[in-house]
Amino acid sequence: MVEKKIKEYELKIDKSREREKRSEDQSTAESVFDLNVRKIIFKLMQKGIIDQIYGAISTGKEANVYRATDSDGNDLAIKIYRITNAETKFMWKYITGDPRFSDVRKKPRNIVFAWAKKEFKNLNRAKEANVKVPNPIYQVKNLLVMEFIGENTIPAPKLKDVEIQNPNKIFNIIIEYINRLYNEANLVHGDLSEFNILMDNDEPVIIDISQAITLEHPNSLRYLLRDIKNICWYFSKLNLELPAPVEIYEYITKGE
Ligand SMILES: Nc1ncnc2c1ncn2[C@@H]1O[C@H](COP(=O)(O)OP(=O)(O)OP(=O)(O)O)[C@@H](O)[C@H]1O
Ligand SMILES: [Mg+2]
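Since the model is a prediction, treat every value here as computed from it, not as a measurement. (Residues numbered from 1 in each chain as written. Chains lettered and ligands numbered in written order. Predicted model: local features only at pLDDT ≥ 70, side-chain atom pairs only at ≥ 80, totals over all residues. Heavy atoms only, no water.)

Trainee: Mind laying out the site of ligand 1, listing which residues take part and the relevant values?
Mentor: Taken together, 17 residues lie near ligand 1, and K79, E147, I149, K158 and D208 sit nearest. A distance of 2.7 Å separates an oxygen atom of ligand 1 from a polar side-chain atom of K79. Between ligand 1 and I149 there is a distance of 2.8 Å, counted from a nitrogen atom to a backbone nitrogen or oxygen. When ligand 1 sits alone it has 600 Å² of accessible area, and the protein chains cover 84% of it. Those elements giving two or more residues to the shell around ligand 1 turn out to be β1 (52–59), β2 (63–69), β3 (75–81) and β5 (143–147). (Near = heavy atom within 4 Å. Polar contact = N/O pair within 3.5 Å; in protein donor to acceptor, adjacent residues only side chain to side chain. Areas by Shrake-Rupley, 256 points an atom, 1.4 Å probe, with all protein chains shown as cover. Helix = DSSP H or I, 4+ residues; strand = E, 2+ residues; numbered from the N terminus.)

Trainee: I'd like a description of the coordination of the magnesium ion (ligand 2), backed by residues and values.
Mentor: Octahedral six-donor coordination of a metal ideally yields angles of 90 or 180 degrees, compared with 109.5 degrees for tetrahedral four-donor coordination. The protein atoms donating to the magnesium ion (ligand 2) are N196 (OD1) and D208 (OD), with metal-donor distances spanning 2.1 to 2.3 Å. Taken as a pair, N196 in the loop between β8 (187–188) and β9 (197–200) and D208 in the loop between β10 (203–206) and β11 (213–214) lie far apart in primary sequence, 12 residues in all. (Donors = N, O, S within 2.8 Å, 3.2 Å for Na, K, Ca; no water.)

Trainee: Give me the lowdown on the side chain of D70, citing residues and values where you can.
Mentor: With respect to the helices, strands and loops of the structure, D70 is situated in the loop between β2 and β3. For the buried residue D70, which engages in no salt bridge, the nearest side chain bearing the opposite charge is R67, 9.8 Å off. Within the structure, D70 has its side chain in polar contact with the backbone nitrogen of N74 (distance 2.9 Å). Sequence-distant contacts of D70, defined by excluding residues within four places in its chain, comprise G48, I49, I50, D51 and L76. (Buried < 20%, exposed > 50% of the residue type's maximum accessible area, 1.4 Å probe, protein only. Lys, Arg positive; Asp, Glu negative; His and termini not counted. Salt bridge = Lys/Arg side-chain N within 4 Å of Asp/Glu carboxyl O. Contact = heavy atoms within 4.5 Å.)

Trainee: How would you summarise the sheet that holds strand β4 (residues 136–140) if you had to cite specific residues and measurements?
Mentor: Overall, antiparallel pairing links the five strands, which are arranged β1-β2-β3-β5-β4 in an open sheet. Of all strands in the sheet, those with a lone pairing partner are β1 and β4, marking the two edges. Taken pair by pair, the neighbouring strands of this sheet meet at an average axis angle of 20°, ignoring direction. For β1 and β2, the ladder comprises five bridges, and the chain directions are antiparallel. (Pairing = 2+ DSSP bridges. Axes fitted to C-alpha atoms, helices over the stretch in contact; angles between N-to-C directions.)

Trainee: Explain the domain arrangement of the chain to me, and be specific about the residues and the numbers.
Mentor: The assigned domain composition of the chain is domain 1 (2–151) and domain 2 (156–254). Counting residues at the interface gives 26 residues for domain 1 and 29 residues for domain 2. Taking both sides of the interface into account, the surface hidden between domain 1 and domain 2 amounts to around 2100 Å²; carbon and sulfur atoms contribute 58%. At the surface where domain 1 touches domain 2, the tally comes to one salt bridge. Between K79 and D208 there is a salt bridge, and its shortest N-O distance comes to 3.2 Å. At the surface where domain 1 touches domain 2, the tally comes to 14 residue pairs in polar contact (both at pLDDT 80 or more). Going through the elements one at a time, β3, α3 (88–95), α4 (108–128) and β6 (150–151) are the ones with two or more residues in the side of domain 1 that touches domain 2. Its residues placed into classes, the side of domain 1 that touches domain 2 shows 11 nonpolar, five polar and 10 charged. (Domains from an automatic or database assignment. Buried area = accessible area lost by both parts, 1.4 Å probe. Nonpolar A, V, L, I, M, F, W, Y, C, P; charged D, E, K, R; others polar.)

Trainee: Outline unusual backbone geometry, listing residues and values.
Mentor: Phi is positive for N130, which is not a glycine, with a value near 60°. Taking relative accessible area as the criterion, N130 reaches 53% and is therefore assigned exposed. Its identity is not glycine, yet T153 carries a phi of approximately 70°, on the positive side. Along the polypeptide, T153 turns up in the loop between β6 and β7 (154–155).

Trainee: Which residues make up helix α6 (residues 220–236), and what values do they have?
Mentor: Its 17 residues give α6 an end-to-end C-alpha distance of 24 Å, which sits within 8% of 24 Å, the value for a rise of 1.5 Å per residue. Within α6, the full set of buried residues consists of S220, Y223, L224, D227, I228, I231, C232, Y234 and F235. Buried positions along α6 lie against α3, α5 (167–183), β8, β9, β11 and α7 (245–254). (Expected span 1.5 Å × (residues − 1).)

Here it is in structure tokens:
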């Protein structure tokens, strides 16, 4: 019985691997399905957190994101961070200075695991502050399971790829999310732009929050202003009358 179950899981993982091969440009992307990841997926299947993994939604330098389903058939997104070739120098800059990660050892594996944990914790904090982000479900080592943003197996498009009907409203929501992140979640996203916001039925959803730092970080104010400038720059191209980024920055940092 157990043997049969193990074979079943192995087959499911192999299928995911095949789908990955087909969906990925192998010349640039290296597989993330190494033995350790397979073991983790195996455990998550046993626990019923994951049932199937489907094709890659995105294959990036930092991580691959897959659509999966849970045992009730609900869609999930799984982000698997690369360990080999990870940009650990870049990650380290965002990890040191964050008091939540003061005991992380400077080994590549540990840095990537901390990076995944940081995204999980940041998603939780953002959610508590009523910022719309994918609901975090589970994180272990270099793997993060979260809510799938999209509909009927189709992932939601990025802000940069949609024509929005009500740019003023969307702009105000995003600025309010930056405000809530800063004043309620004690976080600065640090890489906010039209690339890291999904549009779920006209509703902006903030993603890719692993590099987000707490306000204690020495660069938090610099990154806050950069995030605001990125968003203002994008919306200014849509012919909106916008306040100056510095005004928004002052409004947010005053915290009124
Ligand atoms: N929860 C989710 N639901 C649906 N799609 C998602 C989800 N999370 C990420 N994606 C998709 O995967 C892409 C990559 O995710 P993310 O930005 O978190 O990873 P990344 O490694 O930083 O990639 P990139 O370098 O492309 O920014 C996103 O642009 C989005 O299209
Ligand atoms: Mg991204």
